[in-house]
Amino acid sequence: MTQDAITRAAQVLAGHRDSIDRLDAILIYTLGERFKHTQAVGHLKAEHDLPPSDPAREATQIARLEDLAKRADLDPEFAKKFLRFVIDEVIRHHEKHQS
């Protein structure tokens, strides 16, 4: 490989890494915003003695996210695992509100 090719590859790599860093920040801020809303839902559920989880809603959301993942060319199984992780964390927070 020539020095020019190595330099160009390094530039392309740096551009991809910059994009990844920006997208990571977007993901974190988006999750933060999402959890603000789920915290409000948890408080509301606790105030009205509603169960911390809603299996029907969870199933709907998982199916919706699976469809979004397919359209985004993202592995639907990964998307389901990710949402399951997020939902489990939300339920854990909701259970804390009820104690």
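Now for a description of the structure that goes with this document. A quick note: this is a predicted structure, and the numbers were derived from the prediction, not measured.

### Some points on the overall build of the protein chain
Reasoning step 1: Helix and strand content of the protein chain: three helices and zero strands.
Reasoning step 2: Ordered by position from N to C terminus, the α and β elements of the protein chain give α-α-α.
Reasoning step 3: For 99 residues, the compact-globule estimate of 2.2 N^0.38 gives 13 Å, and the C-alpha radius of gyration of the protein chain, at 20 Å, exceeds that figure by more than 25%.
Reasoning step 4: If you line up the protein chain on its principal axes, its C-alpha atoms span 70 × 25 × 15 Å.
Reasoning step 5: Within the protein chain, the fraction of its 99 residues that count as buried is 18%.
Reasoning step 6: Of the contacts made within the protein chain by residues no fewer than 6 positions apart, 65% connect residues no fewer than 24 positions apart.

### Some words on a nonpolar patch on the surface
Reasoning step 1: On the surface, Leu74, Phe78 and Phe82 cluster together into a nonpolar patch covering about 280 Å² of accessible area.
Reasoning step 2: For Phe82, the location among the structural elements is in helix α3 (residues 76-98).
Reasoning step 3: On the basis of relative accessible area, Phe82 is assigned to the partly exposed category, the value being 38%.

### As for the packing of aromatic side chains
Reasoning step 1: Within the structure shown, the criterion is met by one aromatic pair.
Reasoning step 2: Here Phe78 and Phe82 contribute two aromatic rings whose centre-to-centre distance is 6.5 Å and whose plane-to-plane angle is 25°, an arrangement assigned as stacked. With Phe78 and Phe82 both in helix α3 and four residues apart, the pair spans about one turn of that helix.

### Observations concerning the side chain of Lys45
Reasoning step 1: Considering the arrangement of structural elements, one finds Lys45 in helix α1 (residues 3-47).
Reasoning step 2: Although Lys45 is buried, it forms no salt bridge, and the closest oppositely charged side chain is Asp54 at an N-O distance of 5.6 Å.
Reasoning step 3: Beyond its immediate stretch of four places on either side in the chain, Lys45 contacts Leu50, Pro51, Pro52, Ser53, Asp54, His94 and Gln98.

### With respect to α3
Reasoning step 1: Over its 23 residues, α3 runs 33 Å from end to end, which matches the ideal 33 Å to within 8%, given 1.5 Å per residue.
Reasoning step 2: Residues of α3 that are buried in the fold lie against α1 and α2 (55-71).
Reasoning step 3: Put simply, Asp75 is the residue that caps the front of α3, since its side-chain oxygen is 3.0 Å from the backbone nitrogen of Glu77.

Rules behind the numbers
- Residues numbered from 1 in each chain as written.
- Predicted model: local features only at pLDDT ≥ 70, side-chain atom pairs only at ≥ 80, totals over all residues.
- Heavy atoms only, no water.
- Helix = DSSP H or I, 4+ residues; strand = E, 2+ residues; numbered from the N terminus.
- Rg over C-alpha atoms; globule rule 2.2 N^0.38 Å.
- Buried < 20%, exposed > 50% of the residue type's maximum accessible area, 1.4 Å probe, protein only.
- Contact = heavy atoms within 4.5 Å.
- Patch = residues over 30% accessible without salt bridge, like charges linked within 9 Å, V, L, I, M, F, W, Y side chains within 5 Å.
- Areas by Shrake-Rupley, 256 points an atom, 1.4 Å probe, with all protein chains shown as cover.
- Salt bridge = Lys/Arg side-chain N within 4 Å of Asp/Glu carboxyl O.
- Phe/Tyr/Trp six-rings, centres within 6.5 Å; stacked < 30°, edge-to-face > 60°.
- Lys, Arg positive; Asp, Glu negative; His and termini not counted.
- Expected span 1.5 Å × (residues − 1).
- Polar contact = N/O pair within 3.5 Å; in protein donor to acceptor, adjacent residues only side chain to side chain.

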